[in-house]
Amino acid sequence: MTSLITGPDDTARCAWVGDDAEYRRYHDEEWGTPLHGNRALFEKMALEGFQAGLSWITILRKRPRFREVFAGFAPDIVAEFGEADVERLMADAGIIRNRAKIEATIGNARIVREMAEGELDELMWSFAPPASGIRPRRLADVPAVTPESTAMSKELRRRGFRFVGATTMYALMQSAGMVDDHVEGCWRA
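The shown structure was predicted, so the numbers you read here are calculated from the model rather than taken from an experiment. (Residues numbered from 1 in each chain as written. Predicted model: local features only at pLDDT ≥ 70, side-chain atom pairs only at ≥ 80, totals over all residues. Heavy atoms only, no water.)

1. A short note on the packing of aromatic side chains
Heads up, the condition is: In this analysis, rings of Phe, Tyr and Trp, with Trp reduced to its six-membered ring, are considered paired at centre separations within 6.5 Å, and the interplanar angle assigns stacked below 30 degrees, edge-to-face beyond 60, and tilted for intermediate values. Numbering of helices and strands starts at the N terminus; helices are DSSP runs of H or I of at least 4 residues and strands are runs of E of at least 2. Put simply, a charge is over a ring when the Lys NZ or the Arg CZ is close to the ring centre, within 6 Å, and near the line of the ring normal, within 35 degrees.
Evaluated as defined, the whole model comprises nine aromatic pairs. Ring centres 5.8 Å apart and planes at 45 degrees place the aromatic pair tyrosine 26 and tryptophan 56 in the tilted group. Here the residue tyrosine 26 occupies a position in helix H1 (residues 21-29), and tryptophan 56 occupies one in helix H3 (residues 56-69), the gap between them amounting to 30 residues. Put simply, the rings of Phe42, Phe50, Phe66, Phe70, Phe73 and Phe81 pair up and form one aromatic cluster. Over the face of the ring belonging to phenylalanine 81 we find arginine 88, whose NZ or CZ atom lies 5.2 Å from the ring centre.

Laid out in structure tokens, this is it:
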């Protein structure tokens, strides 16, 4: 598999984008851009958890509905969700209807609610490796897990967070700009 793909605009991008316009937009505007704030990182954590076992494009396409039904991923609001909300979410075909993931998102919101503003941000970014300025040469060089994502996962699980495995946390690190895995030759320099 090639590591780069040229889009209809003659721009070279990471090949995982394929020919999907929404993936191109996500790649160009979001993926790998530093993301900060408890709410933003809580949303990213929740969506990456929902993605486990599925394709990211599925989550990306359902993200507007996720945001709607999870109150914009405001941790203080989601933390107040109860069993009636779980049932409401389980009945909503616009999201991933997985009880364990829904309950984990609510439980994770309760943990975030108890953290000081910026504490989740500080905690998660503390695991970001120093920027090396070196990009992967090929997609095959991009890891699925790293010592940093393993350490982040372990600390989050120690604090009670769920659906935060090392692979899921590495995907979060990539999407939140904690690491730069745009391959060499990608326009996102």
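2. Remarks on the UniProt feature "binding site: Zn(2+)" (unreviewed entry) in the protein
Note the following rule: UniProt positions are given in the numbering used here, feature names are shortened, and annotations may be inferred rather than shown by experiment. Type-normalised accessible area, obtained with a 1.4 Å probe on protein chains alone, sets the label of each residue: buried when under 20%, exposed when over 50%, and partly exposed for intermediate values. Pairs of N or O atoms are called polar contacts if they sit within 3.5 Å, as long as, within protein, a hydrogen donor faces a hydrogen acceptor (for residues adjacent in sequence, only side-chain-to-side-chain pairs). The contact definition used throughout considers only heavy atoms, calling two residues in contact when any of these lie within 4.5 Å.
Mapped onto this numbering, the UniProt entry gives "binding site: Zn(2+)" (unreviewed entry) at Cys14, His27, His182 and Cys186. A maximum C-alpha distance of 10.3 Å places the annotated residues, which cover 173 residues in sequence, within one compact spot. On the accessibility criterion, histidine 27 (0% relative accessible area) is buried. At 3.1 Å, the side chain of histidine 27 and the side chain of histidine 182 are in polar contact. Assignment of secondary structure puts cysteine 186 in the segment after helix H9 (166-175). The exposure class assigned to cysteine 186 is buried, which follows from its relative accessible area of 5%. Every residue in contact with cysteine 186, bar those within four places of it in the chain, is listed here: Leu4, Ala12, Arg13, Cys14, His27 and Arg135.

3. Some words on the pattern of salt bridges
Basically, it comes down to this: The working definition used for a salt bridge is a side-chain nitrogen of Lys or Arg within 4 Å of a carboxyl oxygen of Asp or Glu.
For the structure shown, the criterion picks out 21 salt bridges. For aspartate 9, the salt bridge is made with arginine 13, and the minimal N-O distance between the two is 2.7 Å. What makes aspartate 9 partly exposed here is its relative accessible area of 43%. Looking at arginine 13, the relative accessible area reads 3%, which means it is buried. Residue glutamate 155 is joined to arginine 159 by a salt bridge in which the shortest nitrogen-to-oxygen separation is 2.7 Å. Taking the relative accessible area as the measure of exposure, glutamate 155 reaches 17% and is therefore buried. Through salt bridges with shared partners, a single ionic network connects Glu22, Arg25, Glu29, Glu30 and Arg63.

4. Digging into unusual backbone geometry
The phi torsion of most residues other than glycine is negative, and most of the peptide bonds are trans. Even without being glycine, phenylalanine 73 reaches a positive phi, approximately 60 degrees. Phi at phenylalanine 163 is positive, roughly 60 degrees, even though this residue is not glycine. If you trace the backbone, phenylalanine 163 turns up in the loop between helix H8 (147-158) and H9. Relative accessible area serves as the criterion here: at 34%, phenylalanine 163 is assigned to the partly exposed category.

5. Here's the deal with H3
The condition that has to hold: Expected span of a helix, by definition, is 1.5 Å for each gap between consecutive residues, and there is one gap fewer than residues. Working definition for bend: take the seven residues up to and ending at a residue and the seven starting at it, fit an axis to each, and measure the angle between the axes.
Taking 1.5 Å as the rise per residue, H3 with 14 residues should run 20 Å; its terminal C-alpha atoms sit 19 Å apart, in good agreement. Along H3, the helix axis deviates most sharply at arginine 63, where the bend reaches about 55 degrees; the proline proline 64 sits within four residues downstream. Buried within H3 we find Trp56, Ile57, Ile59, Leu60, Arg63, Phe66 and Val69. On its buried face, H3 is in contact with H1, helix H2 (38-51) and helix H5 (83-90). Alanine 71, located one to two residues past H3, shows a positive phi value of around 50 degrees.

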